[in-house]
Amino acid sequence: MTITVSALRRIPPPEPTGQLVITVGGSPEPIVATLLGLRPAQVFAVVSAQSADVWDRAWTAYRRLDPAAQEANVQMCEVPAHDWAAVTGALAAADLAVPWDLGYAGGSPTMSAGAFDVWWAAHQDESTAGAWYVAEAGDVLMRHDGCFVELSDVLRGRRLTLADFVEMHGMTPANIDRRPERWQPHHVEASPQAVRRALRNLTPEIVNADYEKAHQAASLVVIDALSLIAARGEADVYSRKTVLTHGEPSARIDIDIVVIRGMSAAFLRPATYGRNQREPKRRLRWATGTLKEELFDLAGIARQVGGLHAKAALVTLNPTFRGRNPQVAALWADFGPAVLPERLTSDAEDPVAPLPNVTAFALEELLDALRECEFDDPVESCGDLTRWVLGVTE
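Residues numbered from 1 in each chain as written. Predicted model: local features only at pLDDT ≥ 70, side-chain atom pairs only at ≥ 80, totals over all residues. Heavy atoms only, no water.

A. Main features of the overall build of the protein chain. Counting its regular elements, the protein chain contains 12 helices and 16 strands. Per-residue burial for the protein chain yields a buried fraction of 51% across its 394 residues. Here the analysis covers contacts within the protein chain between residues at least 6 apart in sequence; of these, 69% occur between residues at least 24 apart. Only carbon and sulfur atoms are counted for the fraction: they give 51% of the accessible area of the protein chain, which is about 18700 Å². (Helix = DSSP H or I, 4+ residues; strand = E, 2+ residues; numbered from the N terminus. Buried < 20%, exposed > 50% of the residue type's maximum accessible area, 1.4 Å probe, protein only. Contact = heavy atoms within 4.5 Å. Areas by Shrake-Rupley, 256 points an atom, 1.4 Å probe, with all protein chains shown as cover.)

Okay, here's the thing in structure tokens:
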């Protein structure tokens, strides 16, 4: 077989495959996406000592999403993650019947490359088998020849929930969050115009209240706003939840707001700062350091609960600091003032697009997104916040 990639070409999800070899790493999402896309009758999972439990959680999630998985025949082989001979030897010993498909989105580079080497050697004269991986953005299942399947097509009719993400990543709800009704998506009845008014009314309350009161009030309104935005792209919003890791002792993780769309999760947090008790007459504004600290904390939570492709963003609701847009300040905090020194003043045009996975937005951008909802603007031409929440790319 000769691999020829002339151009990327979108195809519908393929017919269920007979046999699939899949390499498993630390993230369950690519494994679940590959299984849902190929729906194999037989599975041979190549895992390492570190990823065996990931395979168990991914397979459990797949069985919950696709009833056909109940009939599949599953085998698992554990190999050292960085031992080429062990990987290729395990596949040779498996006596796989040609043709077989390969899913190599997970595992170490040695596991993925070794499995591909065996697959390629076995299919020189066979054109019906495919080697598949999940693209880096996490939204496309790619075949070796340039054909690809959109994960939105793979997931059609299936919606992952926040509970699915929590379980896939080896966590459990805390005792206070175990009631099933707390795990339902947020539902909002207010109009975009009403939510926009409520956001504008928050400004004096945020400045004058203590942090906890301000954050609670802001979260309730921001959740409504994000629910209206998410509804435009078949996404679900979940409000504050507390989960426990499976470590000993269990660590507690507090999640503010999550938007689940397909197999991607976007974690957001309203950034609010009340009055400084030592300087009660001073209007406390966010500064670069506080923004960066909260953003990095949220990014860590996103990675733990939502996987490698999870996104994190702050929505700053306080007055800006010296006119800085929070996106600019987040970049400036990472790379130093020499990068964009002339762009940090209120009269400068802001050229900075949101970073792919970690960014910050201002209150004005949330208000604009609600205005886009109200007038039903085409999503492709909407502002950065709407496009970021809904995963719309160029």
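B. Representation of the packing of helix 1 (residues 28-38) against helix 2 (residues 52-65) within the structure. Viewed as axis vectors pointing N to C, helix 1 and helix 2 meet at an angle of 40°, and their least axial separation amounts to 9 Å. When the axes of helix 1 and helix 2 are compared, the pair comes out oblique. Judged by the sense of rotation from one axis to the other, the crossing of helix 1 with helix 2 is right-handed. Residues Pro28, Ile31, Val32, Leu35 and Leu36 of helix 1 form the contact with helix 2, whose participating residues are Val54, Trp55, Ala58, Trp59, Ala61, Tyr62 and Leu65. (Axes fitted to C-alpha atoms, helices over the stretch in contact; angles between N-to-C directions. Parallel < 35°, antiparallel > 145°, perpendicular 65-115°, else oblique. Left-handed = near helix turned anticlockwise from the far one by under 90°.)

C. Fine view of the sheet that holds strand 8 (residues 147-150). If you walk across this open sheet you meet the 8 strands as 1-8-7-6-5-2-3-4, and the pairing is mixed. Either end of the sheet is taken by a strand with one partner, and the two such strands are strand 1 (9-10) and strand 4 (73-78). Bridging between strand 1 and strand 8 involves 2 bridges; their strand directions are parallel. Directly across from Arg10, in strand 8, lies its bridge partner Phe148. Here helix 4 (residues 109-122) sits on the sheet and contacts strand 2 (19-23), strand 3 (42-47), strand 5 (101-103) and strand 6 (131-134); the angle it forms with strand 5, its principal contact strand, is near 170°. (Pairing = 2+ DSSP bridges.)

D. Main features of the sheet that holds strand 13 (residues 257-261). If you walk across this open sheet you meet the 5 strands as 10-13-14-15-16, and the pairing is mixed. Bordering the open sheet on either side are strand 10 (236-238) and strand 16 (358-362), each of which pairs with just one other strand. Each neighbouring strand pair of the sheet contributes to a mean axis angle of 25°, computed without reference to strand direction. Bridge count for strand 13 against strand 14 (residues 264-271) is 5 bridges, and the pairing is antiparallel. Residue pairing for strand 14: Arg261 is matched across the bridge by Ser264. Taken strand by strand, helix 11 (residues 363-374) contacts strand 15 (311-316) and strand 16, and its axis lies near 80° from that of strand 16.

E. Representation of helix 11. Taking 1.5 Å per residue, 12 residues should reach 16 Å; helix 11 reaches 17 Å between its end C-alpha atoms and fits that length. Every buried residue of helix 11 is accounted for by Leu363, Glu365, Leu366, Leu367, Ala369, Leu370, Glu372 and Cys373. Backbone geometry just downstream of helix 11 places Asp376 in the positive-phi region, at approximately 55°. (Expected span 1.5 Å × (residues − 1).)

F. Here's a closer look at the environment of Cys373. Inspection of the secondary structure assignment puts Cys373 in helix 11. The contact partners of Cys373, leaving out residues within four places of it in the chain, are Pro192, Leu228, Ile229 and Arg232.

G. Region of interest: the pattern of salt bridges. Summed over the entire model, instances satisfying the criterion amount to 17 salt bridges. The partner of Arg240 in a salt bridge is Asp254, and the shortest N-O contact between them spans 3.5 Å. On the criterion of sequence distance, the pair formed by Arg240 in the loop between strand 10 and strand 11 (241-245) and Asp254 in strand 12 (residues 252-255) is long-range, its members being 14 residues apart. (Salt bridge = Lys/Arg side-chain N within 4 Å of Asp/Glu carboxyl O.)

H. Representation of the packing of aromatic side chains within the structure. With the rule as written, the count across this model stands at 6 aromatic pairs. Ring centres of Tyr104 and Tyr133 lie 5.7 Å apart, and the angle between their planes is 55°; on these two criteria the pair is classed as tilted. On the criterion of sequence distance, the pair formed by Tyr104 in the loop between strand 5 and helix 4 and Tyr133 in strand 6 is long-range, its members being 29 residues apart. Aromatic side chains Phe361 and Trp388 sit 5.8 Å apart centroid to centroid with 65° between the ring planes, which places their arrangement in the edge-to-face category. (Phe/Tyr/Trp six-rings, centres within 6.5 Å; stacked < 30°, edge-to-face > 60°.)

I. Representation of the state of the cysteines. Under the definition given, this model contains 0 disulfides. No disulfide involves Cys382; its nearest neighbouring cysteine sulfur is the one of Cys373, lying 7.4 Å away. Residue class for Cys382 comes out buried when judged on its relative accessible area of 8%. (Disulfide = S-S within 2.5 Å.)

J. Summary view of the environment of Leu370. Inspection of the secondary structure assignment puts Leu370 in helix 11. Along the chain, Leu370 and Ala225 lie 145 residues apart, while their C-alpha atoms are 6.8 Å from each other. In contact with Leu370, not counting residues within four places along its chain, are Pro192, Val195, Arg196, Leu199, Ala225 and Leu228.

K. Spatial organisation of the packing of helix 3 (residues 84-93) against helix 4. Interaxial distance between helix 3 and helix 4 falls to 9 Å at its minimum, and their mutual angle equals 40°. Taken together, the axis directions place helix 3 and helix 4 in an arrangement best described as oblique. The crossing of helix 3 and helix 4 is right-handed. Across from Trp84, Val87, Thr88 and Leu91 in helix 3, the residues of helix 4 making contact are Thr110, Met111, Ala113, Gly114, Ala115, Asp117 and Val118.

L. Broad picture of the pairing of strand 12. Residues Ile253 and Ile255 point to one face of strand 12 and are all buried, whereas Arg252 and Asp254, pointing to the other face, are not buried. Both strand 11 and strand 12 contribute to a ladder of 4 bridges, which runs antiparallel. The residue bridging Lys241 from the neighbouring strand is Ile255, located in strand 12.

M. Expanded view of the nonpolar core. In this structure, Leu35, Trp55 and Phe267 are the most contacted members of the largest nonpolar core, which totals 58 residues. Counting residues per element, this core draws most heavily on helix 2, which supplies 8 residues. With residues near it in sequence (within four places) discarded, Trp55 still touches Ile22, Val24, Ile31, Leu35, Val43, Ala45, Val47, Val74 and Met76. Among the nonpolar cores identified, the runner-up in size contains 35 residues, and Ala225, Ala235, Leu268 and Phe361 belong to it. (Core = buried A, V, L, I, M, F, W, Y, C linked by side-chain atoms within 4.5 Å.)

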